[in-house]
Structure formats: structure tokens, C-alpha cells
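Descriptive structure summary
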Amino acid sequence: MASDKQNEVKVPPSDENKENLPDGGLGLEILQIIKESQQQHGLRHGDYQRYRGYCSRRLRRLRKTLGFKMGNRHKFVGKKITVEMLSDNRYLLLVLMEAERAWSYAMQLKQEANTEPRKRFHLMARLRKAAKHSEKLEKLCESPRVDAKTKLEAQAYTAYLTGMVDFELQEWKLAMEAFNKCKTIYEKLASAFTEELAVLYRQRVDEISPNIRYCAYNIGDQNAINDLMQMRLTGGGGGMMAEKLEALITQARTKQAATMSEVEWRGRSVPVKIDKARIFLLGLADNEAAIAQASNEETKEHLYETLLAECRDTIQAVREELKSEAKQRERSSEGDSGKVSNLQFLHSYLTYIKLCTLVKRNESMAHTLQAKLKEPESDENKRGPRPQDLIRLYDIILQSLAELSTLQGLEDDHTFQKEVSLKTLVYKAYRCFFIAQSYVLVKKWSEALVLYERVLKYAKEVQSKAKSFNNSLKDLPDVQELIAEVNAEKYSLQAAAILDTDETAEAPSQQQVKDNTPLCDRLETFRLDPALVGKQPNLVHFPPEFQPIPCKPLFFDLALNHVAFPPLDDKVEQKGKGGLTGYIKGIFGFGS
């Protein structure tokens, strides 16, 4: 929070908003201001608490600048902004920031309400507060001093927050009316102003559309569910709407789950008694179809993550049932230890789905990285994809395949084991190919050539074994394309190795005889040295070397030992023998 305060730019009053328009009316770019503030202060990462702190600090600055203080530090004195006070558009901004602060607090509480349901009451109170502030802003904008565009934006903002309140209260009809009003206003504004502003208005319309369709579905429009599913495929409807949509899909699958009793896999029918497993298996085909129809990689990645999360939750539910089943077996001391139970086989099936989904997701990411790897780098400073990134992805794929071969209940299924081993060979070939490419980048030609030969060995082995698995291995990458690419890379590698050898032979001898002699010691020799015009030119020895210098002589007085000094007895004062009389005289001072 402290860093936010330091990084926050204090905008001058003249530039803080879009000021008065040419016709003299007060103007405020409501949508543009809140979108810029949200993106710069936390909402890009979903941090509503940071944005709420920013709104509070901005409110404090506005009140201080306008002299609109609510009492002092000892006593609160409430004030209301009236139409007569609208001499500056910052009064409108003040009300707007109050609404944004309440809304951001409500969204923060919504995130926390997932684990603390009691906070939902506080959430509704803050949402109502935000709607109340927006209504206050709309009433102020009805003044003739405010221009028409600001009036329309205030109405749309109020309709949006009112719709959010009704949406949370599940008042679908009222929420739909409010959202439709908001959408209509923004569509009209988008058609009337510049392209830059029109983009903002259209983005807001796109945000509102999923909410309108969800309300229509809850009112009774069954056609709206198809629109919502299509929006899920295109990545529309984020945040709160995404959660509602997932809940809606789960609800629809729960109704169908009652008709499902068993599932067949690898020639064995397994009864499905766990509701969570039924719901997941019913939606598996829909999820796979949605992934196949996804329009972009980002949406596809999101759908993969959603499917994996559902699969993990289902596996956890089955694992809990397995624990209780194991306890019952221990109590009854019965049970056929030779045959895998139906519940354990269901667990293996769900684990198989999870691992296969992981393989498909990583393969999709690998295809995307391969396409980027073949593109020329547009920005040299920005790090692009490297073969090492692909090696890591294929490592994860091989790890998932290794786990597949150890699934309980499939140890004796030789067909399954052969399929897994053949898939392992295919992905090993691709992994080996990208390891070879990483060696090519560092000009290790011989190592790369050996690895390319290993790729061809794997590929030919796959071709020889894949004749009996045409149907089950149709989703695997084409090995024939890999062989053609490896042959082309081998010729390129041999040519690059020959050119690199010639360049090494033709390299100037100056590089081999390069010495570190400074310029002051080779003034008589001419040599082009680019280091002299660099940042650290070698001009002189620094620090200089030590040189011998004469030291100061040392004198030793040895003659003193052989000198005979004259007697000084006559000059030394003789101490008299006074006895007791002298002592007494000395005490009283008579002898001095």
C-alpha cells in the first residue's frame, strides 16, 4: 500500500479531468476516468482492495483541493453537494469516486464471501451504497450547467450499478431492464463520438451482454443458454459472470445425471454411484467439443484448466469413497484381492482422463510454441520462444504417459500397454528433435547430428509398430512430417558445419596473437584495436607496477659503548648528616 502511495501521480487540477466543453457546460468523461483508474490501480490483477485505497486517497485530495472538508479530526460534519455548487467538474468527480469506492469494496467482499458467507450481507450494503451515490451523480448532472454527454454517461453508470444490485438479489427482470438501458445508452454514445471513445463504450457493452443473457435465461428464455455457451467458447463473460455461467452448466448437468448409471471403458462396464462423477462424465463430451471449437489459444487454455480442475475434484471424491470402502473391507475381512473393484477401476478411468487431458493441453501449447519458433523475431530485446521451452513440455508429456502405464487394473491389458509405449516413442522423437535444435543454436554440430539420427531411429520404430494401431493413434502427431523435417535439418546442419569450419580457418591471425599490451608500450607498432574506442581502452598500466627506489639510511650509535665519561662526583650534592636536630629544624623550617 505504501508503494502505491509513492507511485501515485498527483495530477494537476487543470488536467485531472476533461474540463469544460466549448459550449460552456461542465463535462466529465465518466467511463474513461473509471476505466483508466481501474487499470492503473489494481484491477488489472483483480486487486479490489488496492483500488479502494486509491479511491479513498483521491477523495481526500479532491476534498482538500476544493476546500470541501467534512469537519475536522475531532468532529464529523456532513456536507452535501448541491446543484448551486457546480462551478467545477471536480464536484462531480467527488461523487463518482465515492460510488467507485463503495463498488470496489463490494467486489472485494464478493471475493472474500467464497470462504466467509456472512460477508455477503456487507457486500449487498456496499453495492446499494454505490448505487445510491450513482443516483446522486445522475441528479447533479440534470443541472443545465452539465453537458448532454455527461448526462447520458451518468444515466448509464447509474443503470449499470442498479443492475448489479438487482443481479445479486436475483431480481432478474429488474436487472435485465437496467442492463438493457445501460447497453442502449453506450451503443448510442459509441455511434456518436470518436473511434477512441467508441472502443471504450463497446467494451462496456461486451461486459454487460453476458449478464443480460443470463437474466433472460433465468426469466425463462431457453434460447439464451445457447448464447451463453457460445460466449463461454469465445472467452466472453469474465469475473462474476463466469462463476454464474459455470454454476448454470453444473445445474443443467445435475438434472441429467439422474439418468446415468454406468460407464463402459476398456471392455468393462463400471457402475457410477457418485453424483460428482456422474456430473463430470456427462459434461466430458461437451467440454471436449468446446475445446475443439475454441476460437483462440487463450480460451482453449482456460477450458483445459477448467476441465482439469473438475477432474481433480471428481478424483478426490472417488478417493474418499475408496477410503471408506477399504475400511469396510478390513472390518468384514472379506474381499477378492485378485480383482480390481469397480470403484478402483472408476478411479483409474478418471485418472486416465486427467492424464490424457494433460497430454493434449501440453501438446496444444507445444504446437503454439512451434509456430512462434518459426516466425522471425520482431523485437530483439524481447525474449522469444526457445527449443528448451518445448523440451520441458515434452518432458511433462512423457511423465504423464509413464503414469498411464502404471494405472491399477490395466497392468495385464497388453493392448493398452503397447499403445502407451508407442505414444511414448512418438513424443520421445519430438523431444529428441528439439534437444538437437538447442545444440544447433550453440553450434555443437556433431552432437546435433547424432540426436537427429536418434530421432530418425525413433520415427522408423514408430512406423513399424503403428500398423495395428491406426484407429487408436489417430490423434498423435504425424511422424512422416517429422522425418522430412529432420532430413532437411540434417542437410542444413552439414552445410552450416562446413561454413563454420571455413570461417574458423580464415579467421585473422590477430585474434590468435592477441595480447594485452597497453598502448604506451607499443607505440611503434600499428594495429587496429577496436577496444581503444570502447568503454575500457587499454592505454597504460593501471595500477602502475612497483619499482625499486633508494631508501633512507639507518644510523646506529656504536661508539657510545667505547667512550669513557669524566667523573662527576664533585658536582653531585652531598647529603648532610643532621640527626634528630636536623630533623626537628626541618619540621619547623629553621634549617631553610
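Residues numbered from 1 in each chain as written. Predicted model: local features only at pLDDT ≥ 70, side-chain atom pairs only at ≥ 80, totals over all residues. Heavy atoms only, no water.

Per an unreviewed UniProt entry, the chain is named Signal recognition particle subunit SRP68, and its organism is Salarias fasciatus. According to the UniProt record, the Function (unreviewed entry) comment for the chain reads "Component of the signal recognition particle (SRP) complex, a ribonucleoprotein complex that mediates the cotranslational targeting of secretory and membrane proteins to the endoplasmic reticulum (ER). The SRP complex interacts with the signal sequence in nascent secretory and membrane proteins and directs them to the membrane of the ER." Under the Sequence similarities (unreviewed entry) heading, UniProt states for the chain: "Belongs to the SRP68 family." (UniProt positions renumbered as here; feature names shortened; annotations may be inferred.)

1. Digging into the overall build of the chain
Scanning the chain for helices and strands turns up 19 helices and 2 strands. The buried share of the chain, taken over its 592 residues, is 39%. When contacts within the chain are restricted to residue pairs at least 6 apart in sequence, long-range pairs at least 24 apart make up 67% of them. Within the structure as shown, the chain displays about 37300 Å² of accessible surface, and the carbon and sulfur contribution to it stands at 52%. (Helix = DSSP H or I, 4+ residues; strand = E, 2+ residues; numbered from the N terminus. Buried < 20%, exposed > 50% of the residue type's maximum accessible area, 1.4 Å probe, protein only. Contact = heavy atoms within 4.5 Å. Areas by Shrake-Rupley, 256 points an atom, 1.4 Å probe, with all protein chains shown as cover.)

2. Observations concerning the packing of helix α6 (residues 148–168) against helix α7 (residues 172–192)
With their axes 8 Å apart at the nearest point, α6 and α7 run at an angle of 155 degrees to one another. In terms of orientation, α6 and α7 fall into the roughly antiparallel class. Judged by the twist between their axes, the crossing of α6 over α7 is left-handed. Its residues assigned to classes, the contact of α6 with α7 shows 16 nonpolar, 3 polar and 4 charged. (Axes fitted to C-alpha atoms, helices over the stretch in contact; angles between N-to-C directions. Parallel < 35°, antiparallel > 145°, perpendicular 65-115°, else oblique. Left-handed = near helix turned anticlockwise from the far one by under 90°. Nonpolar A, V, L, I, M, F, W, Y, C, P; charged D, E, K, R; others polar.)

3. Observations concerning the nonpolar core
Counting residues in hydrophobic clusters, the biggest one holds 71 residues, and the most contacted among them are Leu281 and Leu346. When residues of this core are traced back to their parent elements, those giving at least two are β1 (262–265), α11 (275–293), α12 (297–332), α13 (342–374), α14 (387–404), α15 (414–441), α16 (445–465) and α17 (479–505). The element best represented in this core is α15, accounting for 13 residues. Not counting chain neighbours up to four residues away, the residues in contact with leucine 346 comprise Val263, Val270, Val272, Leu281 and Val318. (Core = buried A, V, L, I, M, F, W, Y, C linked by side-chain atoms within 4.5 Å.)

4. Digging into the packing of aromatic side chains
All chains considered together, the criterion is met by 18 aromatic pairs. Measuring from centroid to centroid gives 6.2 Å for tyrosine 51 and tyrosine 54, while their planes differ by 25 degrees, and the two rings are stacked. Pair noted here: tyrosine 51 and tyrosine 54 are both in helix α3 (residues 48–66), with a separation of 3 residues, about one helical turn. Residue class for tyrosine 54 comes out buried when judged on its relative accessible area of 6%. Feature note: the residues Tyr394, Tyr427, Tyr430, Phe433, Phe434 and Tyr452 constitute an aromatic cluster, connected by ring pairs. For the cation-ring pair, arginine 204 lies above tyrosine 160, with the distance from its terminal atom to the ring centre recorded as 4.2 Å. (Phe/Tyr/Trp six-rings, centres within 6.5 Å; stacked < 30°, edge-to-face > 60°. Lys NZ or Arg CZ within 6 Å of the ring centre and 35° of its normal.)

5. Section: the pattern of salt bridges
Applying the stated criterion to the full structure yields 16 salt bridges. Linking arginine 202 and glutamate 195 is a salt bridge whose minimum nitrogen-to-oxygen distance equals 3.1 Å. Here arginine 431 ties to aspartate 395 by a salt bridge, and the two come within 2.4 Å at their closest N and O atoms. In this pair, arginine 431 sits in helix α15 while aspartate 395 sits in helix α14, placing the two residues 36 residues apart along the sequence. Assessed through its relative accessible area of 28%, arginine 431 is described here as partly exposed. Using a relative accessible area of 27% as the deciding quantity, one classes aspartate 395 as partly exposed. Linked by salt bridges that have partners in common, Lys35, Arg204 and Glu207 make up one network. (Salt bridge = Lys/Arg side-chain N within 4 Å of Asp/Glu carboxyl O.)

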